[in-house]
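The chain contents come next:
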Amino acid sequence: MTPGLATMARVLGIPHPAVEAGSADPVVIENLEKVYDAEHEDIAVRAVAGISFSVKSGESVAIIGPSGCGKSTLLHILGCLDRPTKGTYRLGGRNVAELDDDELARLRNQHIGFVFQSFNLLPRMSAVENVELPLLYAGTKRAREKAFAALERVGLADRATHMPNELSGGQKQRVAIARAIVTGPSIILCDEPTGALDSKTGREVLALLGRLHADGATLLMVTHDLKVARSLQRALHMKDGLIVADGPSAIVVDAFARTADEEEGAPTS
Ligand SMILES: Nc1ncnc2c1ncn2[C@@H]1O[C@H](COP(=O)(O)OP(=O)(O)OP(=O)(O)O)[C@@H](O)[C@H]1O
Ligand SMILES: [Mg+2]
């Protein structure tokens with residue numbers, strides 16, 4: 001079943017198995033909830049409070065919203081780093097709730113590259129060893145060669161044997177991006193990828209992510225930088241664990257900026 005047929009069926013409104021099952025989209029979530037400390041009612045936090053959306057192959061999506069609204073929680077679930085309390089998440093057509101931890105790790109390794117604000121490199125491993133790690137977990141052959149190739153792709157071949165503490169912030173983030181893409185994932189999830197970088201280095205990292213997207217990767221990025229959010233195709237605005245707006249980034253981001261201005265300008269009682 002090709003995505004082309006599924007897309008055509010969607011456009012024409014014709015029932016089609018792939019459309020009905022939503023399997024043509026790499027990320028499909030329905031009524032997703034994440035409650036931290038659910039067993040203790042007095043301290044339970046409903047970080048994600050019942051949200052549904054899907055992401056099409058090759059889309060670039062910004063996730064915006066105030067601090068504490070659930071952006072990282074959502075991204076961690078999408079990255080299979082955490083499991084939802086309720087609802088369903090289909091990644092590449094598989095319902096992640098039906099997978100055990102090993103199967104989930106394999107699915108993640110196959111589909112997802114994750115880029116964190118704070119890089120999360122292992123300090124005692126060189127750049128190339130950090131990049132190689134997901135390949136070793138997956139049992140991939142010629143791991144070292146592939147890790148070098150990924151470093152070359154992010155323009156860091158000449159720093160391959162450096163330790164993380166010998167690299168600048170931007171270089172560390174490029175190593176982290178090389179690690180994220182080395183398994184050839186179709187989806188790249190980024191949580192504030194430029195949050196720890198100065199603006200020039202941040203622009204370089206964004207340009208690199210932009211090139212990966214242009215090469216076909218699906219990109220989901222949590223960002224506080226509204227200019228960055230506007231540069232992606234679509235934006236999800238989160239508030240109190242819910243998605244309160246979802247659409248073309250120019251529209252969603254401008255509306256969000258207006259409400260943020262109003263809240264800031266509102267008189268305090
Ligand atoms: N491990 C945890 N245990 C309990 N509560 C948590 C945990 N992680 C996050 N939370 C709570 O869940 C809510 C959502 O947190 P989350 O980190 O997803 O927010 P965010 O939108 O990413 O915020 P920021 O923009 O500051 O990074 C917050 O109220 C937070 O305190
Ligand atoms: Mg966060």
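Counting starts from 1 at the beginning of each chain's written sequence and moves along it residue by residue. Chain letters start at A and ligand numbers start at 1, both assigned in the order the entries are written. Two thresholds apply to this predicted model, a pLDDT of at least 70 for residue-level local features and 80 or more for giving and counting side-chain atom pairs, whereas whole-chain, interface and lining totals are computed over all residues.

Asks: Explain the site of ligand 1 to me, using residue names and the numbers behind them.
Replies: Put plainly, near means the residue's C-beta atom, positioned from the backbone, lies within 6 Å of the molecule or strand in question. In the neighbourhood of ligand 1, the contacting residues comprise Tyr-36, Asp-37, Val-45, Ala-47, Gly-65, Ser-67, Gly-68, Cys-69, Gly-70, Lys-71, Ser-72 and Thr-73. Each helix is a run of H or I in the DSSP string that is no shorter than four residues. Each strand is a run of E no shorter than two, and both are numbered from the N terminus. Looking at the shell around ligand 1, the elements that each hand over two or more residues are strand S2 (45-55) and helix H3 (71-78). Ranked by residue count, the leading element in the shell around ligand 1 is H3, at three residues. As a working rule, the residues Ala, Val, Leu, Ile, Met, Phe, Trp, Tyr, Cys and Pro are called nonpolar, Asp, Glu, Lys and Arg charged, and the rest polar, with Gly in that last group. Tallied by class, residues from the shell around ligand 1 come to four nonpolar, six polar and two charged.

Asks: Please provide a residue-by-residue account of unusual backbone geometry, values included.
Replies: Here Asn-31, not a glycine, exhibits a phi torsion of approximately 50°, which is positive. As for its position among the elements, Asn-31 is in strand S1 (residues 27-36). The residue Phe-119 is not glycine, and still its phi comes out positive at about 65°. Positionally, Phe-119 belongs in the loop between strand S6 (112-115) and helix H5 (127-138).

Asks: Which residues make up the confidence of the model for the protein chain, and what values do they have?
Replies: pLDDT: the predictor's confidence for each residue, scored from 0 to 100. Summarising the model, the protein chain shows a mean pLDDT of 89, and 90% of its residues fall at 70 or more. Low pLDDT, under 50, characterises residues 13-22; the predicted model gives this stretch 16 contacts beyond four residues in sequence or across chains. Throughout, a residue-residue contact means that the two C-beta atoms, derived from backbone geometry, are no farther apart than 7 Å.

Asks: Account for the sheet that holds strand S9 (residues 234-239), naming residues and giving values.
Replies: At least two bridges found by DSSP between two strands are what make those strands a pair. Taken in spatial order, the six strands make up an open sheet running S6-S7-S8-S3-S9-S10, and their pairing is mixed. Each edge of the open sheet carries a strand with a single partner, namely S6 and strand S10 (242-248). Averaged over all pairs of adjacent strands, the angle between their axes in this sheet comes to 15°, without regard to strand direction. In the sheet, strand S3 (residues 60-64) pairs with S9 via four bridges, with the strands oriented parallel. Each bridged residue has a counterpart across the sheet, and for Ala-62 the counterpart in S9 is Ala-235. In this analysis an axis means a line fitted to C-alpha atoms, helices contributing only their contacting stretch, and an angle means the value between N-to-C directions, from 0 to 180 degrees. In the packing of helix H7 (residues 169-181) onto the sheet, the strands contacted are S6 and strand S7 (187-191), and the crossing angle to S6 comes to about 165°.

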